[in-house]
Amino acid sequence: MSDNRSSSSHGVAALFSRGRLTTIPRKTARRAQLLDHLAETLFQSDRTYTEREVNDALLTVHDDCAALRRYMVIGGLLARTKDGVSYRRLARPVV
């Protein structure tokens, strides 16, 4: 599993230039790798975040924080309350 995660991290690194995400991948599998990486590096699993905090964290890597936030919610990496006021990181199921 470590080798898979290592090769995945190397692949994700190619999406960044000077610490910024150059593009959001269109291919679902590639985007999922990126979103996993962002969830692990930007969000703690034992913490609740406001929408502004989520946006601010995502803005550190890409200007389209709304798209990244939406992809993370749809992908099951972030849970959002019905009113959209707070978010929390979800654990990714082990396959």
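Residues numbered from 1 in each chain as written. Predicted model: local features only at pLDDT ≥ 70, side-chain atom pairs only at ≥ 80, totals over all residues. Heavy atoms only, no water.

Below, the discussion takes up the overall build of the protein chain. The helix and strand tally for the protein chain stands at four helices and five strands. Seen in sequence order, the protein chain has helices and strands lined up from the N terminus as α-β-β-α-β-α-α-β-β. Split into buried and exposed, the 95 residues of the protein chain put 35% on the buried side. Of all intrachain contacts in the protein chain linking residues separated by at least 6 positions in sequence, the fraction that spans at least 24 positions is 46%. Carbon and sulfur atoms provide 49% of the accessible area of the protein chain, an area that totals close to 6400 Å². (Helix = DSSP H or I, 4+ residues; strand = E, 2+ residues; numbered from the N terminus. Buried < 20%, exposed > 50% of the residue type's maximum accessible area, 1.4 Å probe, protein only. Contact = heavy atoms within 4.5 Å. Areas by Shrake-Rupley, 256 points an atom, 1.4 Å probe, with all protein chains shown as cover.)

This paragraph deals with helix α2 (residues 28-42). When the terminal C-alpha atoms of α2 are compared, their 20 Å separation across 15 residues agrees well with the 21 Å that a helix rising 1.5 Å per residue should span. Within α2 the residues assigned to the buried category are R31, L34, L35, L38 and A39. Around the axis of α2, the buried residues are gathered within 135° of arc, so they sit on the same side. (Expected span 1.5 Å × (residues − 1). Arc of directions from axis to C-beta.)

In regular strands, side chains alternate between the two faces of the sheet. As paired strands, strand β3 (residues 48-50) and strand β5 (residues 86-89) are joined by three bridges and run antiparallel to one another. The residue bridging Y49 from the neighbouring strand is Y87, located in β5. Where strand β4 (residues 78-80) meets β5, three bridges bridge the pair, whose relative direction is antiparallel. The partner of R80 across the bridge, within β5, is Y87. Here β4 folds back onto β5 in antiparallel fashion, the turn holding five residues, of which G84 has a positive phi close to 75°. (Pairing = 2+ DSSP bridges.)

Under the defined criterion, the tally for this structure stands at three salt bridges. Residue E53 is joined to R47 by a salt bridge in which the shortest nitrogen-to-oxygen separation is 2.7 Å. Its relative accessible area of 31% is what places R47 among the partly exposed residues. (Salt bridge = Lys/Arg side-chain N within 4 Å of Asp/Glu carboxyl O.)

Moving on to the packing of α2 against helix α4 (residues 65-74). Packed helices, taken two at a time, are described by their axes: the angle between them and the distance between them. Relative to each other, α2 and α4 sit at 95°, their axes nearing to 10 Å. Classified by the interaxial angle, the pair formed by α2 and α4 is roughly perpendicular. Of the residues in α4, those in contact with R31, L35, L38 and A39 of α2 are L68, Y71 and M72. Considering only residue class, the contact of α2 with α4 consists of six nonpolar, no polar and one charged. (Axes fitted to C-alpha atoms, helices over the stretch in contact; angles between N-to-C directions. Parallel < 35°, antiparallel > 145°, perpendicular 65-115°, else oblique. Nonpolar A, V, L, I, M, F, W, Y, C, P; charged D, E, K, R; others polar.)

Looking only at helix α3 (residues 51-59), the buried set comprises V54, N55, A57 and L58. Take α3 and look down its axis: the buried residues cluster within an arc of 165°, on one side only. On its buried face, α3 sits against α2, β3, α4, β4 and β5.

Turning to its location among the elements, H62 is positioned in the loop between α3 and α4. Given the relative accessible area of 15%, H62 is considered buried. Side-chain polar atoms of H62 contact the backbone nitrogen of D64, separated by 2.9 Å. Among all residues touching H62, those that are not within four sequence positions of it are R20, L21, I24 and L68. (Polar contact = N/O pair within 3.5 Å; in protein donor to acceptor, adjacent residues only side chain to side chain.)

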